[in-house]
Amino acid sequence: SQTIHQWPATLVQPVGSPLSLECTVEGTSNPNLYWYRQAAGRGLQLLFYSVGIGQISSEVPQNLSASRPQDRQFILSSKKLLLSDSGFYLCAGGDRVTEAFFGQGTRLTVV
Amino acid sequence: AQSVAQPEDQVNVAEGNPLTVKCTYSVSGNPYLFWYVQYPNRGLQFLLKYITGDNLVKGSYGFEAEFNKSQTSFHLKKPSALVSDSALYFCAVRDDNYGQNFVFGPGTRLSVLP
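Owing to the predicted nature of the structure, the values given are computational and were not obtained by experimental measurement.

## What to know about the pattern of salt bridges
Summed over all chains, the structure comprises 5 salt bridges over all chains. One salt bridge connects Glu99(A) with Lys49(B), and the closest N-O pair in it is separated by 2.8 Å. In this pair, Glu99(A) sits in the loop between strand E9 (87-94) and strand E10 (100-102) while Lys49(B) sits in strand E6 (residues 44-50), so the two residues belong to two different chains. The class of Lys49(B) is partly exposed, set by a relative accessible area of 28%. A salt bridge links Asp85(B) to Lys78(B), with the shortest nitrogen-to-oxygen separation between them at 2.8 Å. No difference in accessibility class separates Asp85(B) from Lys78(B), as the two residues are buried.

This is the structure in structure tokens:
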């Protein structure tokens, strides 16, 4: 079965600092990969998705970027964090038809 | 465009009673439907899915859901609720015409009272 590894679990960063969140996938090849942000414990906002190495689609224009340097690695980055970037970030992966599997999330607080 | 509605922000049920969490969807093609549960500060856990076949789908932890094409619904049910079922529940849909992305509903918070 698929497993999504996501770290760190919590992160406190100052405004203007860079960000790098990493997500890796086990148990499948060539997965679709997703980054979501969840605000205040409610709905999920899709930030980026990738159908293959180097292929990134952005759903919402913002201060963040994503990269997929390897088949099972998905990275969320920012050059300069804003207060509004605070939230709960979730990485997910899945095949074309089946369900998505989620990592345990990263709680990012920008101070 | 795909969309998912969860009309109830909060559902309260007494322990031992049946529970229902509602979900309706809109897609242009055939729907792939999913339910997830989220506990505080955790990722989403997959509960069950409908892809094709029987309209009644059974999943983890005693949950089941019924696909109703005419009503475009996929309600989550459990015959007897447990306090430990208290969590945030998300319905999601994929459109087989656009297969890459999941669209999630806003979530329903379920509280099971002892």
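## With respect to the layout of surface pockets
Considering only enclosed or pocket space, the largest pocket measures out at about 250 Å³ in volume. Taken together, 15 residues make up the lining of the largest pocket; nearest its centre are Phe101(A), Phe102(A), Leu44(B), Gln45(B) and Phe46(B). Elements represented by at least two residues in the lining of the largest pocket include exactly strand E1 (3-7) and E10 of chain A together with E6 of chain B. Residue classes in the lining of the largest pocket are distributed as 8 nonpolar, 6 polar and 1 charged.

## Notes on the interface of chain A and chain B
Contacts between the two partners involve 24 residues from chain A and, on the opposite side, 24 residues from chain B. Between chain A and chain B, roughly 2,000 Å² of surface is buried when both sides are summed, and carbon and sulfur atoms account for 45% of that area. Linking chain A to chain B there are 1 salt bridge. Taken together, the connections running from chain A to chain B amount to 8 residue pairs in polar contact (both at pLDDT 80 or more). At the level of secondary structure, the elements contributing two or more residues to the side of chain A that touches chain B comprise strand E4 (32-38), strand E5 (44-52), E9 and E10 of chain A. By residue class, the composition of the side of chain A that touches chain B is 11 nonpolar, 7 polar and 6 charged.

## A short note on the packing of aromatic side chains
Under the counting rule described, the total for this entry stands at 16 aromatic pairs over all chains. Judged by centre distance (5.5 Å) and plane angle (80 degrees), the rings of Phe102(A) and Tyr36(B) are edge-to-face. Taken together, the residues span two chains, with Phe102(A) in strand E10 and Tyr36(B) in strand E5 (residues 31-38). According to the relative accessible area criterion, Phe102(A) is buried, its value standing at 8%. Between Tyr36(B) and Phe104(B) the ring centres are 5.7 Å apart and the planes differ by 50 degrees, which places this aromatic pair in the tilted class. Taken together, the residues span a long stretch of sequence, with Tyr36(B) in strand E5 and Phe104(B) in strand E11 (residues 103-104) at a distance of 68 residues. For Tyr36(B), a relative accessible area of 0% gives the class buried. An aromatic cluster is built from Tyr34(A), Tyr36(A), Tyr49(A), Phe102(A), Phe34(B), Tyr36(B), Phe46(B), Phe90(B), Phe102(B) and Phe104(B), whose rings are joined through pairwise contacts.

## Considerations on the sheet that holds strand E8 (residues 73-78) of chain A
All names here are of chain A. As summarised here, the arrangement of the 4 strands in space is E1-E3-E8-E7, forming an open sheet in which the pairing is antiparallel. With one partner strand each, in any of the chains shown, E1 and strand E7 (65-70) form the two edges of the open sheet. Between one strand axis and the next, the sheet turns by 20 degrees as a mean value, whatever way the strands run.

## Here's the deal with the pairing of strand E9 (residues 73-78) of chain B
On a regular strand, each side chain points to the face opposite its neighbour's, so the side chains alternate between the two faces of the sheet. Residues and elements named next belong to chain B. With respect to burial, E9 is a largely interior element, 5 of its 6 residues being buried. Relative to E9, strand E3 (residues 19-21) runs antiparallel, the two sharing 3 bridges. Within E9, the position partnered with Leu19 by the bridge is Lys78. Summarising the sheet, strand E8 (residues 64-68) and E9 pair through 5 bridges and their orientation is antiparallel. From the neighbouring strand, Glu64 faces E9, where its bridge partner is Lys77. Linking E8 to E9, which pair antiparallel, is a turn of 4 residues; within it Thr72 sits at a positive phi near 45 degrees.

About the cut-offs
All chains use their own residue numbering, which begins from 1 and follows the written sequence. Written order determines the labels here, with chains lettered from A and ligands numbered from 1. Only residues with pLDDT of at least 70 are given local features in this predicted model, and only at 80 or more are side-chain atom pairs given and counted; all residues enter the totals for whole chains, interfaces and linings. The side-chain figures draw on all heavy atoms in the structure; neither hydrogens nor water molecules are used. Basic side-chain nitrogens of Lys or Arg form a salt bridge, by our definition, when they fall within 4 Å of a carboxyl oxygen of Asp or Glu. In this description a helix means any DSSP run of H or I spanning at least four residues, a strand means any run of E spanning at least two, and both kinds are numbered starting from the N terminus. Per-residue accessibility, obtained with a 1.4 Å probe over protein chains only, is compared with the maximum for each type, and a residue is labelled buried under 20%, exposed over 50%, and partly exposed between these values. As defined here, a cavity is a set of points on a 1 Å grid over the protein atoms alone where a 1.4 Å probe fits but cannot get out. A pocket is an open set with protein on both sides within 12 Å along at least five of seven lines, and residues line them when an atom is within 4 Å of a point. Grid points are joined across faces, edges and corners, and a volume is the space filled by probe spheres set on the points. Note on residue categories: nonpolar means Ala, Val, Leu, Ile, Met, Phe, Trp, Tyr, Cys or Pro, charged means Asp, Glu, Lys or Arg, and polar means any other residue, Gly included. Contacts are residue-level and defined by heavy atoms, with any inter-residue pair within 4.5 Å sufficient. Accessible surface is computed with a 1.4 Å probe, and the buried area is the amount of it that two parts give up when combined, taken over both parts together. In the analysis that follows, any N or O atom pair within 3.5 Å is treated as a polar contact, provided that within protein one partner can donate a hydrogen and the other can accept it, and provided that, for residues neighboring in sequence, both atoms belong to side chains. Two rings belonging to Phe, Tyr or Trp (six-membered ring only in the last case) form a pair when the distance between their centres is within 6.5 Å. Interplanar angles under 30 degrees mark stacking, angles over 60 mark edge-to-face geometry, and anything in between is tilted. Note on pairing: two strands pair once DSSP finds at least 2 bridges between them. Convention adopted: a line fitted to C-alpha atoms gives each axis, helices being fitted over their contacting stretch, and angles between N-to-C directions are expressed from 0 to 180 degrees.

These results come straight from atomic positions and should not be treated as a statement about function.
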